[in-house]
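A closer look at the structure
For reference, the chains in residue letters:
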Amino acid sequence: MNAQLPSLDQVKIAVIGLGYVGLPLAATFGRRFPTLGFDINAKRVEELRRHHDHTLEVSEDELKASNLLEFASDAEALKGCNVFIVTVPTPIDEYKRPDLRPLESASRTVGRAIGAGGVAIYESTVYPGATEEACVPIIERESGLTFNTDFYAGYSPERINPGDKQHRLETITKVTSGSTPEVADFVDALYRSIIHAGTHKASSIRVAEAAKVIENTQRDVNIALINELALIFHRLGIDTHEVLEAAGTKWNFLPFRPGLVGGHCIGVDPYYLTHKAQQIGYHPDVILAGRRINDGMGGHVAQRVAKLMGQRGLQTTRSNILILGLAFKENCPDLRNTRVVDIVAELKSYNANVHIHDPWVSAKEAHEEYGLDLVETPDPGQYDAVILAVSHREFIALGAEGVRKFGKPGAVLFDVKRALPRAEVDDSL
Ligand SMILES: NC(=O)c1ccc[n+]([C@@H]2O[C@H](COP(=O)([O-])OP(=O)(O)OC[C@H]3O[C@@H](n4cnc5c(N)ncnc54)[C@H](O)[C@@H]3O)[C@@H](O)[C@H]2O)c1
């Protein structure tokens, strides 16, 4: 006989991995169900117990309002939970292959704590098949239980966007799925109880996994097309944004903009899909071409700045160049997979002195992750070129005139994001 699923009033949830995805989820579930937020990072657990979230996704008041939420970094505390939601990172390795180690380690943790009737729901972005092929066997091995007899699995991808206060967990339709039709109904009901926007129950875990990974792949490829157009129009001497503005008056023209594609989602997730495709003997041309174009944009920006400097008789060697912004996107402290580092690396290869200023990010993290030392307050009138790389609101508030004040007279001002009026900068993507 199959072990019985818990009813909603018996649910005790464990959220494993309290990052950008896990914490908002734990805080939301913690207002409705007994919830344990678990993370291997004891420092993170300590800060959360003090109601502080350094990712700025969940406020102190929201954490306090989550009255059924507790935190732990000791896996013993997971015993007694019957729903385990895994929200650990799914990065790529240096060869751009999926690095499943956090997922495997979290699955071992689940396997040691899950009991009869328990449900393991994965939220981390993966390739189609990963939950049942890579995670479930680990839970079976660690627990000694049999899948779909003693315990069950689900997959419900997360769609939040760090720093976005409008599209929040509860206001985004959530895709749900389960390892049997009954489990799918259970997972769907669980999420429906907290998601105001409602849910979409997919027909299988693999469909839900595939849906998530293509959302980001579609974005990546669309941006790659616009980036390729920007490369062409630059050579033609045409302003890309003017072209996009004109083309955008057609009802079905998609409003993508050129730029760096960073963060650990859009620039990473497509490699999960291409990995799986290659494993089954299909070589994905379009997706990988898009990745190559997007990964080349940082170098392209640096080359354009160097060219503009050359046209003004400014040498790049030993020049001082200021980069405004290091986070992977505006108004958030997230440094993961920021492609601003490609601009830095290319400029440094010309022997330029590159200073980076970003009021949003932790200087310690920038040093630890990238070996980059941030400048806390850039001196005015010091730079041969200024690159606005991330359109944090502080930089926009300065306006082109304020940003130019960092430069020497005649310095180049390049606006990667097209955030300042075009006529007031020297060039933009
Ligand atoms: N950040 C986003 O905007 C976003 C959006 C949608 C989906 N996702 C996906 O969600 C997943 C999580 O992303 P994130 O941004 O929340 O990551 P994150 O790096 O912010 O947080 C992950 C947390 O997991 C913890 N952790 C790592 N291994 C663990 C383990 N074995 N056991 C317990 N805790 C562990 C880390 O200490 C960290 O606190 C990824 O698959 C990501 O692709 C992220």
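The written sequence of each chain sets the order in which its residues are numbered from 1. Totals for whole chains, interfaces and linings use every residue, but because this is a predicted model, local features are given only for residues with pLDDT of at least 70 and side-chain atom pairs only at 80 or more, for both listing and counting.

1. Quick notes on the overall build of the protein
- Numbering of helices and strands runs from the N terminus, with a helix taken as a DSSP run of H or I at least four residues long and a strand as a DSSP run of E at least two residues long. Scanning the protein from terminus to terminus reveals 14 helices and 13 strands.
- Reported as C-alpha extents along the three principal axes, the dimensions of the protein are approximately 80 × 50 × 40 Å.
- Buried positions account for 46% of the 429 residues belonging to the protein.
- Once C-beta atoms have been placed from the backbone, residue pairs whose C-beta atoms lie within 7 Å are recorded as contacts. Taking as baseline every contact in the protein between residues at least 6 positions apart, the subset at least 24 positions apart corresponds to 73%. Labels follow a simple rule on C-beta atoms placed from the backbone: if 20 or more others lie within 10 Å of a residue's own, it is buried; if 12 or fewer, it is exposed; otherwise it is partly exposed.

2. Points about the domain arrangement of the protein
- These domain limits were set by an automatic method or by a database of domain assignments. For the protein, the assigned domains read domain 1 (8–206), domain 2 (213–283) and domain 3 (296–428).
- Each of domain 1 and domain 2 has a C-alpha centre, and these two points are 30 Å apart.
- Taken together, the 12 residues of domain 1 in the interface contact 10 residues of domain 2.
- Among the residues forming the side of domain 1 that touches domain 2, the class breakdown is 7 nonpolar, 3 polar and 2 charged. Polar here means any residue outside two lists: the nonpolar Ala, Val, Leu, Ile, Met, Phe, Trp, Tyr, Cys and Pro, and the charged Asp, Glu, Lys and Arg; Gly therefore counts as polar.

3. Thoughts on the site of the ligand
- Residue proximity rests on one test: whether the C-beta atom, placed from the backbone, lies within 6 Å of the molecule or strand. What surrounds the ligand is a group of 30 residues, the closest being G17, G19, Y20, V21 and S124.
- A per-element tally of the shell around the ligand places helix α4 (residues 101–113) first, with 4 residues.
- Looking at side-chain class alone, the shell around the ligand contains 13 nonpolar, 12 polar and 5 charged residues.

4. Brief notes about the nonpolar core
- Residues enter a nonpolar core if they are buried, belong to Ala, Val, Leu, Ile, Met, Phe, Trp, Tyr or Cys, and are joined to the set through C-beta atoms within 7 Å. By size, the foremost hydrophobic cluster in this structure holds 120 residues, and its most contacted members are F84, A120, I323, V386 and I387.
- The element contributing the most residues to this core is helix α7 (residues 205–236), with 9 residues.
- Excluding residues that lie within four positions of it along the chain, I387 makes contacts with V301, V305, I321, I323, L324, I343, F414 and V416.

5. Some points on unusual backbone geometry
- For N148, which is not a glycine, the phi torsion comes out positive at approximately 65 degrees.
- Locating N148 in the fold gives a position in the loop between α5 (130–143) and β6 (152–155).
- Not every positive phi belongs to a glycine, and R418 is a case in point at roughly 55 degrees.
- By secondary structure assignment, the location of R418 is in the loop between β12 (407–415) and β13 (427–428).
- R418 sits in the partly exposed class, given 19 other C-beta atoms within 10 Å.

6. Topic: the sheet that holds strand β11 (residues 383–388)
- If you walk across this open sheet you meet the 5 strands as β10-β9-β11-β12-β13, and the pairing is parallel. Among the strands making up the open sheet, the edge pair consists of β10 (353–357) and β13.
- Whether two strands pair comes down to DSSP finding at least two bridges between them. Relative to β10, strand β9 (residues 320–324) runs parallel, the two being bridged by 5 bridges. From the neighbouring strand, I323 faces β10, where its bridge partner is I356.
- An axis is simply a line fitted to the C-alpha atoms; with a helix, the fit covers only the stretch in contact. Between two such axes, the angle follows the N-to-C directions and lies from 0 to 180 degrees. The sheet strands contacting helix α11 (residues 297–311) are β11, β12 and β13, and the helix crosses β12 at an angle near 150 degrees.
- Along the sheet, helix α14 (residues 393–404) makes contact with β9, β11 and β12, crossing β12 at roughly 135 degrees.

7. So, the environment of H275
- Within the element layout of this structure, H275 appears in helix α9 (residues 269–279).
- C-alpha of H275 to C-alpha of A289: the two residues are 14 residues apart in sequence and 14 Å apart in space.

8. Here we look at the sheet that holds strand β1 (residues 13–16)
- Spatially, 6 strands are ordered β3-β2-β1-β4-β5-β6 in an open sheet, and the strand pairing comes out parallel. Looking at strand neighbours, the two that pair on one side only are β3 (69–72) and β6, the edges of this open sheet. Geometrically, the sheet is characterised by an average inter-axis angle of 20 degrees between neighbouring strands, direction not taken into account.
- Note: strand β4 (residues 83–86) against strand β5 (residues 119–122), 4 bridges, orientation parallel. Within the sheet, the bridge partner assigned to F84 lies in β5 and is A120.
- Those strands touched by α4 are β1, β4 and β5, and its axis lies near 175 degrees from that of β4.

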